Amino acid sequence: MAYTLPELPYPYDALEPHIDRTTMEIHHTRHHKGYVDNLNKAIEKAPAEFQNLAIEDLLRQIDRIPEEIRTAVRNHGGGHANHSLFWVIMSPQGGGQPSGPLADAINRTFGSFDAFKEKFTATAVGHFGSGWGWLCVDGSGNLIVKSTPNQDSPYMEGLTPILGIDVWEHAYYLKYQNKRAEYVNNWWNVVNWSEVQRRYEACAKS
Ligand code: MN3
C-alpha cells in the first residue's frame, strides 16, 4: 500500500487573503506530492514490518528504520505527515480561540490564550532556517510548544502534534517574501480550532 497525497478540504484560494492561491497550489501539488512520491520510493526498500504502517506509526519508529533509508523516511515521511496535518488544521472558517478541554489546558499550561499565542508565534518566527512550529501533546497529556528543523516530526520524539505551522520559505515567500512574522501573525486567522480540539481530545482518551 503506497502513501497518497490527501485532497485539500477546501479550494486553493479558500484561505485568501492570509495564504494566497498560488502558494497553496504549488505547496500541495508539488512540495507535498514530492514528499509522498519520495517516501513511497524509500519504503519500497524497507523490510515487511515497515510496510503498510500509518505514517504516524512509521515515524514513531524512526530509529528502527534501516539506516540506508532512514534519512529519506525522516525527510519525506516527516514531510508527508507534517503537511497532512497542516492542511486540516486550517480552514476558511478558522480563527478565534479554542474552547472546551483544550482551552482549559492552554490556560492551565501557559496562563492564558494570549500567552500561548505569543509563545507559539515567537517559537515559529524565531526558528532558524526551514522547519515547523508546533503545539504537541506528550505521553502524560501535557501541552508543549516547540519547533523542529527541516521536516522532522514530533512523532519521532514520542509527541503528538495537534497544531503546526510550516515556516519553510515555500510556505509564504510568494506573498510575504522574507516577512515570516507577518505570515505567522496572519496565519492565526485560518486556524481550525475545532479540528485542533478534536485532536487534543483524542490524545486525552488514548
Ligand atoms: Mn511545506
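Parameters and conventions
- Residues numbered from 1 in each chain as written.
- Predicted model: local features only at pLDDT ≥ 70, side-chain atom pairs only at ≥ 80, totals over all residues.
- Heavy atoms only, no water.
- Core = buried A, V, L, I, M, F, W, Y, C linked by side-chain atoms within 4.5 Å.
- Buried < 20%, exposed > 50% of the residue type's maximum accessible area, 1.4 Å probe, protein only.
- Helix = DSSP H or I, 4+ residues; strand = E, 2+ residues; numbered from the N terminus.
- Domains from an automatic or database assignment.
- Contact = heavy atoms within 4.5 Å.
- Expected span 1.5 Å × (residues − 1).
- Arc of directions from axis to C-beta.
- Donors = N, O, S within 2.8 Å, 3.2 Å for Na, K, Ca; no water.
- Phe/Tyr/Trp six-rings, centres within 6.5 Å; stacked < 30°, edge-to-face > 60°.
- Buried area = accessible area lost by both parts, 1.4 Å probe.
- Salt bridge = Lys/Arg side-chain N within 4 Å of Asp/Glu carboxyl O.
- Disulfide = S-S within 2.5 Å.
- Axes fitted to C-alpha atoms, helices over the stretch in contact; angles between N-to-C directions.
- Left-handed = near helix turned anticlockwise from the far one by under 90°.
- Nonpolar A, V, L, I, M, F, W, Y, C, P; charged D, E, K, R; others polar.

Asks: How should the nonpolar core be read in this particular structure?
Replies: Nonpolar side chains tend toward joint burial in soluble globular proteins. In terms of nonpolar packing, the biggest core is built from 44 residues, with M90, F116, L143, L163, Y183 and W187 touching the most fellow members. Within the residue set of this core, elements represented by two or more residues are α3 (67-88), α4 (100-110), α5 (113-126), β1 (131-137), β2 (143-149), β3 (160-166), α7 (180-187) and α8 (193-205). Top contributing element to this core by residue count: β1, with 5 residues. Of the residues that make up this core, three or more belong to each of domain 1 (21-88) and domain 2 (100-205). Filtering out sequence-adjacent residues up to four positions away, M90 remains in contact with Y10, L15, I19, M24, W187, V190 and N192. Core analysis: the next-biggest nonpolar cluster, separate from the first, contains 18 residues, V36, L58, L59 and M156 among them.

Asks: Help me understand α5 in this model?
Replies: Relative to the 20 Å expected for 14 residues at 1.5 Å per residue, α5 spans 19 Å between its end C-alpha atoms, a close match to the ideal helical length. Of the residues making up α5, those classed as buried are F113, F116, F120, T121 and A124. Down the axis of α5, the buried side of the element spans an arc of 125°, and every buried residue falls inside it. Turned more than 90 degrees off the buried face of α5, the exposed positions are D114, E118, A122 and G126.

Asks: What exactly am I supposed to notice about the coordination of the manganese ion here?
Replies: As a benchmark, a tetrahedral metal site with four donors has ideal angles of 109.5 degrees, while an octahedral site with six donors has ideal angles of 90 or 180 degrees. Taken together, the protein ligands of the manganese ion are H27 (NE2), H83 (NE2), D166 (OD) and H170 (NE2), with distances of 1.9 to 2.1 Å. All donors of the manganese ion come from a single chain, and their spacing in sequence reads H-x55-H-x82-D-x3-H. Of this pair, H27 sits in helix α1 (residues 21-43) while H170 is found in the loop between β3 and α6 (173-176), placing the two residues 143 residues apart along the sequence. Both residues of the pair, H27 and H170, count as buried.

Asks: Help me understand the packing of aromatic side chains in this model?
Replies: For any pair of aromatic rings, geometry is given as the distance between the ring centres together with the angle between the planes. Taken as a whole and judged by the stated rule, the model has 15 aromatic pairs. Relative to F116, the ring of F113 has its centre 5.9 Å away and its plane inclined at 50°; by these criteria the two rings are tilted. Here the residue F113 and the residue F116 both occupy positions in helix α5, the gap between them amounting to 3 residues, near one helical turn. Taking 6.4 Å as the distance between ring centres and 70° as the angle between the ring planes, the aromatic pair formed by F116 and W193 counts as edge-to-face.

Asks: Even after reading the chapter, I still don't get the domain arrangement of the protein, so can you show me in this structure?
Replies: By a widely used convention, the size of an interface equals the accessible area lost when the partners come together. Under the domain assignment, the protein is made up of domain 1 (21-88) and domain 2 (100-205). On the domain 2 side, the residues contacting the 19 residues of domain 1 number 25 residues. Counting the surface lost from both domain 1 and domain 2, the interface buries some 1800 Å², and carbon and sulfur atoms represent 62% of this. The largest share of the area that domain 1 buries against domain 2 comes from N82, L85 and F86, three residues that together contribute 32% of it. At the junction of domain 1 with domain 2, the criterion picks out 1 salt bridge.

Asks: I tried to follow the state of the cysteines on my own but got confused; where do I start?
Replies: What is meant by a disulfide is a covalent connection between two cysteines, made through their sulfur atoms. Under the definition given, this model contains 0 disulfides. A disulfide-free cysteine, C136 has its sulfur positioned 9.4 Å from the sulfur of C203, the nearest such atom. Of the residues examined, C136 reaches a relative accessible area of 0% and is grouped as buried. Taking relative accessible area as the criterion, C203 reaches 18% and is therefore assigned buried.

Asks: Looking at this structure, how should I read the packing of α5 against α7?
Replies: Two numbers describe a pair of packed helices, the interaxial angle and the distance between the axes. Where α5 contacts α7, the two axes come as close as 9 Å, and the packing angle between them is 145°. Regarding α5 and α7, the two cross each other, and that crossing is right-handed. Note on element contacts: α7 touches α5 through R180, A181, V184, N185 and W187, opposite F120, T121, A124 and V125. Here the residues of the contact of α5 with α7 are counted per class, giving 6 nonpolar, 2 polar and 1 charged.

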